[in-house]
Amino acid sequence: MDGKRSCSLCGGAMMIMMMMMMISHMTSALEVPLDSKVLEGLPQPPTITNQSPKDYIIDPRENINIFCEAKGKPHPSFSWTRNGTHFDVEKDPKVVMMPGTGNLVIDISGEKAEVYEGVYQCIARNEHGSAVSNNIVIRQSRSPLWSKEKNEPITVQRGTSLILQCRPPAGLPPPIIFWMDNNFQRLPQNSRVSQALNGDLYFSNVIMEDTRNDYICYARFPHTQTIQQKQPITVKVLDNSPSGERVPSFLHPPGMESTTMVLKGDTLELECIADGLPTPNISWTKVNGELPSGRFSFYSFQKTLKIKEVTEADGGDYRCIAKNRMGSSQHTITVVVRAAPFWISAPQNLILAPKETGNLTCDVDGNPKPTITWSVNGNPIESSHNDPSRKVSDGVITLSDVQTGSSAVYQCNASNDYGYLLANAFVSVLAEPPRVLTSLNHEYSVISNSRALLDCASFGSPLPKITWFKDSQSILNSDLYHIHKNGTLEINVAQPQNSGKYTCIASNNLGNKENHVHLQVKEPTRIIRQPEYKEVQRNSIAVFECKVKHDPTLIPSMIWLKDNGELPDDPRFEVGSDSLTIHDVTEDDEGTYTCIRNTTLDQDSASATLTVVEQPDPPTDLELTDQRERSVRLTWTPGDEHNSPIKLFLIQYEDSLHEPGVWLNMTEVSGTSTTAQLELSPYVYYSFRVLALNGVGLSESSDPSRQYRTNPAKPDVNPSDVEVSGTSPDTMTISWRELSGLESNGPGLQYKVSWRMKDAEQWTTVTLANVSQHVVTGTPTFTLYEVTVQAVNDYGEGPRPEVVLGYSGENSPTVAPENVKVSVQSGTEAEVHWEAVPLSSVRGRLKGYKVTYQKMRSLHKQDYDRENPQVLIFSGEETVGRLPDLHPYSHYRLNIRAFNGHGDGPSSTDQQFQTPEGVPGPPTNVNIRNLNLDSLLVEWTPPLEDNGHLTGYLLKYQPINTTEEAGLLKEVLLPANETSYTLDKLTHSTHYKFFLNAMTETGSGPAVTKEAFTEVDEAMTNRQAEIATQGWFIGLMCAIALLILVLLIVCFIKRNKGGKYPVKEKEDAHQDPEIQPMKEDDGTFGEYSDTEDHKPLKGSRTPSNGTVKKDDSDDSLVDYGEGGDGQFNEDGSFIGQYSGKKEKDTAEGNESSEAPSPVNAMNSFV
């Protein structure tokens, strides 16, 4: 099947190949691949691969190295020309050509380097052509000495301009200029004093401090690393005829206009230096245009404009403007942009098959327009032999119907006044069958919905045509697929269904070659939980999440960036698997954090900003304006809000007259305000401060404002909280809240206190100072008074005071309650009734009644140990009360008295009453001891509280297993004089639970619960263990198990046939009378309670008369089993013999819910 598919592919390829052969023979350039296996055996003309720069400045202290390297097949040989003539390398012992290359090493030791200066050119040739290098101009670097000169001192008047010339010797390359003093310290430069591009030092105006004798110009020659020094220049500034202020004028360039030329791609430097006093400022503009964005900069205090990578658009007029307060001047510089030749399209190597046609194109530009000349194998094309297949048309050579053996190297030279370009391009005529260079079965992986490029790199001559197939289907250009000229198959939007095997076929007239590649389309990497904006406080923690979903076959990595740079190298930054945590955040941590999750195929990124907030800085610059008698305006300047908007400003004040050092809140204003109108009080020495509040908290307080004093005035308010109270029967106390210093309004603050009986005419008045109350004596008991308190100071009285009503002092009531009656409700509760006392006898406000009652003795014990009296208070005018928590079977007495704010009145006559019997308390000191294997002794002492005559004790007990399930509950009634009881015939090694209650005629008291174990019979246990390991016992157990299984199968078959098994028959015949039906009203079962621990456990049954007897039910499932409890399999089927009913041992109470075990089974045989 694979063979058929291959044949079909080949057939399709052959048809396409025949169609291609019918197309025109005109071809584009064919590149020779670098694959060594392909290159092996292919002829190739020479190609220059490395050469020295065109302008080569050499160090005369080192050997000269001139580079020229080339490749070709066969490997080329090399020769040189110098100054246009052949340079015979072998004849000069100082010159060595390195093997395999054209590199020259010239030993100049003992020779002058000038001997070897000149123009060098390298020729690389083989049998297929010759390639030439650029003209390499070799020049020796020079650092000549400064010519001897004597500098005369320069005298200049203060305020005039000055130029100190440097004029260094000409060097190669030109030197770097700088000015220093005798101590080798650079001279300070500024907008007044600066160095020009030519090295001169310009002074826009001189000052007296410019006087010095060590202005020294230095020239550093970078190639030889030498420094030359000019003789020091002395400058003396005079002040006898100083220059006045003047409008700027230009020192350089002079005049109003100038012109400069710059080459395209170079850096343009324009300079304007101006004279003037004061020192002028320089600014730049471009006439009819804008300075090129991103490419210009200013240097030397705005005096130099630099534009890098100059283009033709940078030509035009530039204007520099010098300006000071006296006026301005301007200079226009016209910039002319010229261009050395530059490539638009350099000629490319051309590989042609015999009889094909091709073009070599040399497309250049420049200003002025370059001249193009062609050479072939290093010789001008005009002087080469006439080739009818070659046609030259300016920058294009057309080669038609080429023949084998016509390979050559062509040179294109483009030149103008500012330089030249030289390019080699070979033409190689080859006949080669197709080769596919892409590795076989190469695996490509791309992300879904992205572009996929499947390579089919090939080589052949003629140029092979590429066709693609997928699953035997030919692939043509469409919306989905595009086949590029180089054979690459592009899938515009790759989808998972595009995964699979692809085949490419390279074909020309000499044959075809196929190759297979594989494509896998994978799921994209996507961040599903992006980091979110964080606003955190300083020193807290910030966490950015970055969770990603990705193709399971790709493993993503994570990179975090801060402001598009690396994270700080700080241990506070903790990078987790899906997060970035920043501990102890600082202000420097603010910025944008970017999470990048990338795989080998794609990446996704997400960013979030971190903002650090803290309390605002305190306001500053507090000022007081608009000052008035009772108000002033306060203004301030807000501090830094630290990324959290200010919500409000809090204004505080200090009264240094009344409360120095105490700052109180005065008012609040919105966070957008910077001023507040403050209402003031008289006679206060105010200082103000302001605090700012943002989302983080309050700022520190501002510095205090200057002090502002208000004038005194009479009080605006009277004392508040005026109250009248009586503290004794003949006094009345008047109290008030004193005025604060802020409220006093002036010196000499006093209080005018007045009082009179209600509806009386005459007021009694006293004036007091520095007090908050006054006691009036000799008042009648509980009488209504009118009272006023008014503030006064040295400037007058306060407003008219309000009248306050109050009573004078109270006295104790004089009459006791009468007709007191007690009604006993139960052994612990009684109710008391009485008649209210007359209001006239209260002599004050009646607050209520106090009922005092006391237990005198217990009726049972005949003791006379009285308890402490208890008091119950009943408020208001109540005449009935309840006495709770009484002791049963006890004798009590009580009395009642009325009370008011002054005290208690006389008590009523004592009343006697008794409480009936109640249930006793629990027995005490209950203890259980083992007597032998099957006996336990229960001991106790009587209850602490009999609460009546004890009639006896009720003891209940039952066995329980490890799951807390209970056996049959048994009861024993004991006489009141018993304090112990022995239980015999218990089961050894068994856990029992006991309940003990004391009883009176009223009933049983609370039970005491205890648990105990009977002793373990170790001999029996060992014997059971021995029997359980005997072979006969194991066989018996297996036989019983097999019998039970057979019975189960029989029961299952009978039930499926609808028959009744013995249990069912017995259930139908004997209905259990104790089975209680569900209640009809709520669907629940009959009464059931299991809420207290001392009650019998679930599953037990207790006879009402306290004796142990069998269950009233004559029949149950238990009767048909092997033990006391029915057992069930996991499927709910019942295990046991469904034969006759077995009698239960009621005396022993052996019902147990434990699961069968070998030990328990043995008990039935012993």
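Given the structure is predicted, the values throughout are model-derived calculations rather than measurements.

## Description of the overall build of the chain
Right, on to step 1. If you tally the helices and strands in the chain, you get seven helices and 88 strands.
Right, on to step 2. Within the span of the chain, comprising 1166 residues, buried residues form 41% of the whole.

## Examining the pattern of salt bridges
Right, on to step 1. According to the stated counting rule, one finds 37 salt bridges in the structure shown.
Right, on to step 2. A salt bridge links Asp-365 to Lys-369; its shortest N-O distance comes to 3.7 Å.
Right, on to step 3. Given a relative accessible area of 27%, Asp-365 falls into the partly exposed group.
Right, on to step 4. The class of Lys-369 is exposed, set by a relative accessible area of 57%.
Right, on to step 5. The salt bridge partner of Glu-797 is Lys-752, with a shortest N-O separation of 3.7 Å. With Glu-797 in strand S71 (residues 796–797) and Lys-752 in strand S67 (residues 750–757), this pair connects stretches of sequence that are 45 residues apart.
Right, on to step 6. Beyond isolated ion pairs, a larger network of salt bridges with shared partners links Asp-181, Arg-212 and Asp-214.

## Some words on the sheet that holds strand S32 (residues 371–376)
Right, on to step 1. If you walk across this open sheet you meet the five strands as S29-S37-S36-S32-S33, and the pairing is mixed. Two strands close off the open sheet at either side, each with one partner strand: strand S29 (350–352) and strand S33 (379–380).
Right, on to step 2. Here three bridges tie S29 to strand S37 (residues 419–429), and the two strands are oriented parallel to one another. Residue pairing for S37: Ile-351 is matched across the bridge by Ser-428.

## Quick look at the state of the cysteines
Right, on to step 1. Applying the stated criterion across every chain yields a total of six disulfides.
Right, on to step 2. Here Cys-68 engages in a disulfide with Cys-122; their sulfurs sit 2.0 Å apart. Here the S-S torsion is close to -75 degrees, and the disulfide linking Cys-68 with Cys-122 is therefore left-handed. Separated by 54 residues along the polypeptide, Cys-68 in strand S4 (residues 68–73) and Cys-122 in strand S9 (residues 118–126) bring together distant segments of the chain.

## A closer look at the nonpolar core
Right, on to step 1. Judged by nonpolar contacts, the single largest core of 29 residues is most densely connected at Ile-66, Trp-80, Ile-106 and Tyr-120.
Right, on to step 2. If one sorts the elements of this core by residue count, S9 sits on top with three residues.
Right, on to step 3. Excluding residues that lie within four positions of it along the chain, Ile-66 makes contacts with Ser-52, Tyr-56, Trp-80, Gly-102, Asn-103, Leu-104, Ile-106, Tyr-120, Ile-136 and Ile-138.
Right, on to step 4. Core analysis: the second largest hydrophobic core is formed by 20 residues, Leu-454, Trp-468, Ile-491 and Leu-519 among them.

## Side note on the packing of aromatic side chains
Right, on to step 1. Taken as a whole and judged by the stated rule, the model has 20 aromatic pairs.
Right, on to step 2. With a centroid separation of 5.4 Å and an interplanar angle of 10 degrees, the aromatic rings of Tyr-686 and Phe-688 are classed as stacked. For the pair Tyr-686 and Phe-688, a shared accessibility class is recorded, and that class is buried.
Right, on to step 3. One aromatic cluster is present, formed by Phe-544, Trp-560, Phe-573 and Tyr-593 through successive ring pairs.
Right, on to step 4. The cationic tip of Lys-54 hangs over the ring face of Tyr-420; the distance from NZ or CZ to the ring centre is 4.0 Å.

## Describing the side chain of Asn-498
Right, on to step 1. Mapped onto the elements, Asn-498 comes out in the loop between strand S45 (489–491) and strand S46 (500–508).
Right, on to step 2. Here the side chain of Asn-498 touches Gln-495 through a polar contact of 2.7 Å, landing on its backbone nitrogen.
Right, on to step 3. Setting aside residues no more than four positions away along its own chain, Asn-498 makes contact with Lys-470, Leu-480, Tyr-481, Ile-491, Val-493, Leu-519 and Val-521.

## Points about the pairing of S9
Right, on to step 1. Where strand S5 (residues 77–82) and S9 come together, six bridges link them in antiparallel fashion. Bridge pairing in S9 links Phe-78 to Ala-124.
Right, on to step 2. Pairing of S9 with strand S11 (residues 136–140) involves three bridges; the strand directions are antiparallel. The residue bridging Gly-118 from the neighbouring strand is Ile-138, located in S11.
Right, on to step 3. Relative to strand S10 (residues 129–132), S9 is paired through four bridges, and the arrangement is antiparallel. Looking at S10, one finds that Arg-125 is bridged to Ser-130.
Right, on to step 4. Counting the residues that bridge the hairpin from S9 to S10 gives two residues.

## Describing unusual backbone geometry
Right, on to step 1. A cis amide bond links His-252 to the next residue, Pro-253, at an omega of -10 degrees.
Right, on to step 2. Locating Pro-253 in the fold gives a position in the loop between strand S20 (246–252) and strand S21 (257–263).
Right, on to step 3. Pro-278 follows Leu-277 through a cis peptide bond whose omega is 0 degrees.
Right, on to step 4. As for its position among the elements, Pro-278 is in the loop between strand S23 (273–277) and strand S24 (281–286).
Right, on to step 5. The residue Tyr-889 is not glycine, and still its phi comes out positive at about 55 degrees.
Right, on to step 6. Given the relative accessible area of 17%, Tyr-889 is considered buried.
Right, on to step 7. Non-glycine residue Ser-989 carries a positive phi angle of around 60 degrees.

## Examining the sheet that holds strand S76 (residues 870–875)
Through backbone hydrogen bonds, the strands of a sheet pair up, either in parallel or in antiparallel fashion.
Right, on to step 1. Here four strands make up an open sheet; going across it, the order is S76-S75-S78-S79 and the pairing antiparallel. A single partner strand is all that each edge strand has here, and the edge strands are S76 and strand S79 (911–914). Neighbour to neighbour, the strand axes of the sheet diverge by 25 degrees on average, direction disregarded.
Right, on to step 2. One ladder, built from four bridges, connects strand S78 (residues 890–900) with S79; its direction is antiparallel.

## A look at helix H5 (residues 1031–1056)
Right, on to step 1. With 26 residues, H5 extends 38 Å from end C-alpha to end C-alpha; this agrees with the ideal 38 Å at 1.5 Å per step.
Right, on to step 2. Looking at H5, one finds that the buried residues are Phe-1033, Leu-1048 and Cys-1051.

## Here we look at the side chain of Ser-705
Right, on to step 1. Looking at the secondary structure, you find Ser-705 in the loop between strand S63 (685–694) and strand S64 (708–709).
Right, on to step 2. Other than its neighbours up to four places away in sequence, Ser-705 contacts Leu-622, Leu-624, Ser-687 and Phe-688.

## A look at the confidence of the model for the chain
Right, on to step 1. When pLDDT is averaged across the chain, the result is 85; 85% of the residues are at 70 or more.
Right, on to step 2. Between residues 1059–1166, whose pLDDT stays under 50, and residues either more than four places distant or in other chains, the model counts 133 contacts.

## Regarding the environment of Leu-360
Right, on to step 1. Note that Leu-360 resides in strand S30 (residues 358–361).
Right, on to step 2. Since its relative accessible area comes to 1%, Leu-360 is described here as buried.
Right, on to step 3. Spatially, the C-alpha atom of Leu-360 lies 8.2 Å from that of Leu-399, the residues being 39 residues apart in sequence.

## A closer look at a nonpolar patch on the surface
Right, on to step 1. A cluster of nonpolar residues, Leu-1042, Leu-1045, Val-1046, Ile-1049, Val-1050, Phe-1052 and Ile-1053, forms a patch on the protein surface that exposes about 630 Å² of accessible area.
Right, on to step 2. Examined against the element boundaries, Phe-1052 turns out to sit in helix H5.
Right, on to step 3. Overall, Phe-1052 belongs to the partly exposed group, its relative accessible area being 48%.

## Quick look at the environment of Asp-910
Right, on to step 1. You can see Asp-910 is positioned in the loop between S78 and S79.
Right, on to step 2. Spatially, the C-alpha atoms of Asp-910 and Arg-893 are 6.3 Å apart, while their sequence positions differ by 17 residues.
Right, on to step 3. With sequence-adjacent residues up to four places away left out, Asp-910 is seen in contact with Arg-893, Leu-894 and Asn-895.
Right, on to step 4. A distance of 3.1 Å separates a polar atom in the side chain of Asp-910 from a polar atom in the side chain of Asn-895.

## Quick notes on the environment of Phe-1013
Right, on to step 1. Tracing the sequence through the fold places Phe-1013 in strand S86 (residues 1008–1013).
Right, on to step 2. In the structure, Phe-1013 is positioned 26 residues away from Thr-987 in sequence and 9.6 Å away in space, judged by C-alpha atoms.
Right, on to step 3. Ignoring any residue separated from it by four or fewer positions in sequence, one finds Phe-1013 in contact with Asn-930, Leu-936, Thr-990 and His-991.

The rules behind these values
Residues numbered from 1 in each chain as written. Predicted model: local features only at pLDDT ≥ 70, side-chain atom pairs only at ≥ 80, totals over all residues. Heavy atoms only, no water. Helix = DSSP H or I, 4+ residues; strand = E, 2+ residues; numbered from the N terminus. Buried < 20%, exposed > 50% of the residue type's maximum accessible area, 1.4 Å probe, protein only. Salt bridge = Lys/Arg side-chain N within 4 Å of Asp/Glu carboxyl O. Pairing = 2+ DSSP bridges. Disulfide = S-S within 2.5 Å. Core = buried A, V, L, I, M, F, W, Y, C linked by side-chain atoms within 4.5 Å. Contact = heavy atoms within 4.5 Å. Phe/Tyr/Trp six-rings, centres within 6.5 Å; stacked < 30°, edge-to-face > 60°. Lys NZ or Arg CZ within 6 Å of the ring centre and 35° of its normal. Polar contact = N/O pair within 3.5 Å; in protein donor to acceptor, adjacent residues only side chain to side chain. Axes fitted to C-alpha atoms, helices over the stretch in contact; angles between N-to-C directions. Expected span 1.5 Å × (residues − 1). pLDDT = per-residue confidence, 0-100. Patch = residues over 30% accessible without salt bridge, like charges linked within 9 Å, V, L, I, M, F, W, Y side chains within 5 Å. Areas by Shrake-Rupley, 256 points an atom, 1.4 Å probe, with all protein chains shown as cover.

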